[in-house]
Amino acid sequence: MNTRPDIHDRLAASLKQARRAKGLSLDAVAKLSGVSRSMVSQIERGESSPTVATLWNLTQALQVDFAGLLEGRAAPGIDVIRAEAVPVIAGRGKGVRIRILSPADAVGETEVYDLRFDAEGLLDSDPHGPGCRESLTVLEGALEVVSGEDRQDLRTGDTARYFADRPHRIAAGDGAARAILIVHNS
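Please read all numbers here as calculations on a predicted model, not as lab measurements. (Residues numbered from 1 in each chain as written. Predicted model: local features only at pLDDT ≥ 70, side-chain atom pairs only at ≥ 80, totals over all residues. Heavy atoms only, no water.)

Asks: Outline the overall build of the protein chain, listing residues and values.
Replies: When its secondary structure is counted, the protein chain shows four helices and nine strands. The secondary structure elements of the protein chain, listed N-terminal to C-terminal, are α-α-α-α-β-β-β-β-β-β-β-β-β. Relative to the compact-globule value of 16 Å for 186 residues, the protein chain shows a C-alpha radius of gyration of 21 Å, a clear excess of over 25%. Counting only C-alpha atoms and orienting by the principal axes, one finds that the protein chain spans roughly 70 × 30 × 30 Å. A total of 186 residues make up the protein chain; the buried ones form 37% of that total. Of the contacts formed within the protein chain by residues at least 6 apart in sequence, a portion of 63% connects residues at least 24 apart. By element, 51% of the accessible surface of the protein chain is carried by carbon and sulfur atoms, the whole surface being about 10,900 Å². Placing the 23 positive and 26 negative side-chain charges of the protein chain at their respective mean positions leaves the two points 4 Å apart. (Helix = DSSP H or I, 4+ residues; strand = E, 2+ residues; numbered from the N terminus. Rg over C-alpha atoms; globule rule 2.2 N^0.38 Å. Buried < 20%, exposed > 50% of the residue type's maximum accessible area, 1.4 Å probe, protein only. Contact = heavy atoms within 4.5 Å. Areas by Shrake-Rupley, 256 points an atom, 1.4 Å probe, with all protein chains shown as cover. Lys, Arg positive; Asp, Glu negative; His and termini not counted. Charge placed at Lys NZ, Arg CZ, Asp CG, Glu CD.)

See below:
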């Protein structure tokens, strides 16, 4: 006879499904929620009964409905990350804001970034892994792209594809600029 209440199984399955739907690892959920990786794993396996505070932290990190966890509802078909919740990379470059648009599980395969440059902003990068390529599409303004010894000026609507397994940089001129950057096989 199973002495464990069904609620543990539903909770475990719901949390695991929510984490996977967001493309997050156990480590990522632990960092976002402040709940240890081992505790998250134990909860997902139904081996631990979390406190309300722990559940609240997990639901906030996973951006799921607290009450809906136990109802066994299917995950929504459209995963929305609201603008204020999109992760931002700080401290990279000068005068550039980098928003991460791709899911966490895409790291190293296909990463997508929204780049916003101030006038004279600069994103200077060391070489990524062998064979890594980047595709940069300018949405607003103008940018200069340098990959190794090669250099190109881009205007609104232009796309540049270049090797990123060598030193490379993206720079704005006298005006602000915005671009979408796709990194392949970093």
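Asks: How would you sum up the packing of helix H2 (residues 26-33) against helix H3 (residues 37-44)? Please name residues and give values.
Replies: One way to put it is that H2 packs onto H3 with a least axis distance of 8 Å and a crossing angle of 115 degrees. Comparing the axis directions of H2 and H3 gives the class roughly perpendicular. Two packed elements cross with a definite hand, and for H2 against H3 that hand is right-handed. When H2 is examined against H3, the residues Leu26, Asp27, Val29 and Ala30 are found in contact with a partner set consisting of Arg37, Val40, Ser41 and Glu44. (Axes fitted to C-alpha atoms, helices over the stretch in contact; angles between N-to-C directions. Parallel < 35°, antiparallel > 145°, perpendicular 65-115°, else oblique. Left-handed = near helix turned anticlockwise from the far one by under 90°.)

Asks: Can you break down helix H4 (residues 52-62) residue by residue, with the values?
Replies: Along H4, the residues classified as buried are Thr54, Leu55, Leu58, Thr59, Ala61 and Leu62. The buried residues of H4 occupy an angular sector of 160 degrees when the element is viewed end-on, so they sit on one face. Along H4, exposed side chains directed more than 90 degrees from the buried face belong to Val52 and Ala53. Of the residues flanking the end of H4, it is glutamine 63, one or two places downstream, whose phi is positive at about 55 degrees. (Arc of directions from axis to C-beta.)

Asks: A description of the pattern of salt bridges should follow, citing residues and the corresponding values.
Replies: This structure, assessed with the given rule, holds 10 salt bridges. Linking arginine 166 and aspartate 165 is a salt bridge whose minimum nitrogen-to-oxygen distance equals 3.4 Å. For aspartate 165, a relative accessible area of 26% puts it in the partly exposed group. Through salt bridges with shared partners, a single ionic network connects Arg99, Asp114, Arg116 and Arg178. (Salt bridge = Lys/Arg side-chain N within 4 Å of Asp/Glu carboxyl O.)

Asks: Describe the pairing of strand S5 (residues 142-147), and please don't skip the residues or the numbers.
Replies: The element S5 is largely enclosed, with a buried count of five among its six residues. With six bridges joining them, S5 and strand S6 (residues 150-155) adopt antiparallel strand pairing. In the strand pairing of S6, leucine 143 is matched with leucine 154. Linkage of S5 to S6, two consecutive antiparallel strands, is achieved through a turn of two residues, within which glycine 148 is found at a positive phi near 65 degrees. In terms of strand pairing, S5 meets strand S8 (residues 168-172) through five bridges, oriented antiparallel. Looking at S8, one finds that glutamate 144 is bridged to alanine 171. (Pairing = 2+ DSSP bridges.)

Asks: Give a description of the nonpolar core that names residues and reports values.
Replies: Within the largest apolar cluster, 21 residues are counted, with the highest numbers of intra-cluster contacts made by Leu115, Phe117, Leu136, Leu143, Ile170 and Leu181. Looking at this core, the elements that each hand over two or more residues are strand S2 (94-100), strand S3 (110-125), strand S4 (133-140), S5, strand S7 (159-163), S8 and strand S9 (177-184). Apart from the residues within four sequence positions on either side, leucine 115 is in contact with Arg97, Ile98, Leu123, Leu136, Ile170, Ala177, Arg178, Ala179 and Leu181. (Core = buried A, V, L, I, M, F, W, Y, C linked by side-chain atoms within 4.5 Å.)

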